[in-house]
Amino acid sequence: MGQADHEEVLFDMNSAVPASTHPSLALSLAASHLGFHVHAGFMEVLASQGIRPGHIGAASSGAFVGGLYAAGISTVQIREMLASLWMANAFWEWRGPLRGLGMLANLAGHTGLLSGRKVLRLLKEHLGDFQIEDCPAAELSLAVTNLTKGRSQIVRRGPLAEYIVASCAVPGIFRHIEIAGEAFWDGAVSDSSPFQHFFADSRVDAVLVHVVTHVDIDDRRTRPTVAWAFGQAHQIVSDRLLALGVECGQILGRRVLVLRSEVPRFPFWQKSSHQQLFDAGRHTATENLAAIQGLCEN
């Protein structure tokens, strides 16, 4: 893969992480606002302890971190990328307000403020045309919402960079992502914590689920906003689906461990938020290390 034409090479695939040390362990990285950094911190502790799952199922921000890791990017390099200004700039497009007007007018093709092209370009400069099925560090599956077929979908094959962006394409924020003639949106629309598909895989003995939940810095319950209301509604649905998934696993006799990192709902650009979010993920993994190691035992 070619290096990016920038002063700082944030990561490369020449220093790939080792292959899985726990082939029967599946890790699910759930969707979340700003879950990028929290998942990265969680993953860094696992890697430092030699816990390398054989399977990764991820959605939205989890797909970004899990996809890079599965492709062979080290957790240190992922952390450096997430904290960079380059990453922040990838989620800003000056044409966003114009697309917003198109959305208000219900114009065809105007389904989000951001096109996602900058994020895709960021990924492809390092991943190129790398395919999901070729990931060396873990077998990867990404949750997406297929608007063309009208259903949720677990993707195990196809262009990695494109499907990562598709899984991160938050409705209304991102325009739908087109891949092979089909339109996709965020996998979190209907599958925030993708892990139930592992129950049909005889190679998977245990599932570790990392969920990121948020507490508001101020009490918005007394003065609700649209963003807060939608966020709460989505969290309620996600929690219910997660509970049903865990119950299903128990019925099937599968071991499922759900760990939650609770963090403030920082704005993406707030100073020092990256470190606090990263530390929250590290704290969750460190505090529950014994339980995670127990899950790895056959």
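As a reminder, the structure under discussion sits directly above these lines.
Residues numbered from 1 in each chain as written. Predicted model: local features only at pLDDT ≥ 70, side-chain atom pairs only at ≥ 80, totals over all residues. Heavy atoms only, no water.

Visitor: Looking at this structure, I do not really get helix 10 (residues 289-296). What am I missing?
Guide: Quick reminder: α-helices carry 3.6 residues per turn. Residues three or four places apart thus point the same way. Considered for burial, the residues of helix 10 that qualify are Leu 289, Ile 292, Leu 295 and Cys 296. Looking straight down helix 10, one finds that the buried residues subtend no more than 120 degrees of arc, so they occupy a single side. Where helix 10 is buried, its residues contact strand 1 (22-29), helix 1 (35-48), strand 9 (206-215), strand 10 (255-264) and helix 9 (273-287). (Buried < 20%, exposed > 50% of the residue type's maximum accessible area, 1.4 Å probe, protein only. Helix = DSSP H or I, 4+ residues; strand = E, 2+ residues; numbered from the N terminus. Arc of directions from axis to C-beta. Contact = heavy atoms within 4.5 Å.)

Visitor: Would you take a moment to explain the packing of helix 6 (residues 117-127) against helix 7 (residues 160-168) for this structure?
Guide: Contact geometry for helix 6 and helix 7: axes closest at 9 Å, N-to-C directions at 150 degrees. As far as their axial angle goes, helix 7 and helix 6 are roughly antiparallel. Between helix 6 and helix 7 the crossing geometry is right-handed. Residues Val 119, Leu 120, Leu 123, Lys 124 and Leu 127 of helix 6 pack against Leu 160, Ala 161, Glu 162, Ile 164 and Val 165 of helix 7. (Axes fitted to C-alpha atoms, helices over the stretch in contact; angles between N-to-C directions. Parallel < 35°, antiparallel > 145°, perpendicular 65-115°, else oblique. Left-handed = near helix turned anticlockwise from the far one by under 90°.)

Visitor: Explanation requested: the pairing of strand 1 in the structure shown.
Guide: Among the eight residues in strand 1, seven count as buried, and that is most of the element. Strand direction decides the pairing type here: strand 1 and strand 2 (residues 53-58), joined by five bridges, are parallel. Its bridge partner being in strand 2, Ala 26 is matched across the sheet by His 55. You can see the chain leave strand 1, run along helix 1 and come back into strand 2, and the turn it takes is right-handed. Here strand 1 pairs with strand 9 via five bridges, running parallel. Looking at strand 9, one finds that Leu 25 is bridged to Ala 206. (Pairing = 2+ DSSP bridges. Right-handed = clockwise from strand over helix to strand, strands pointing away.)

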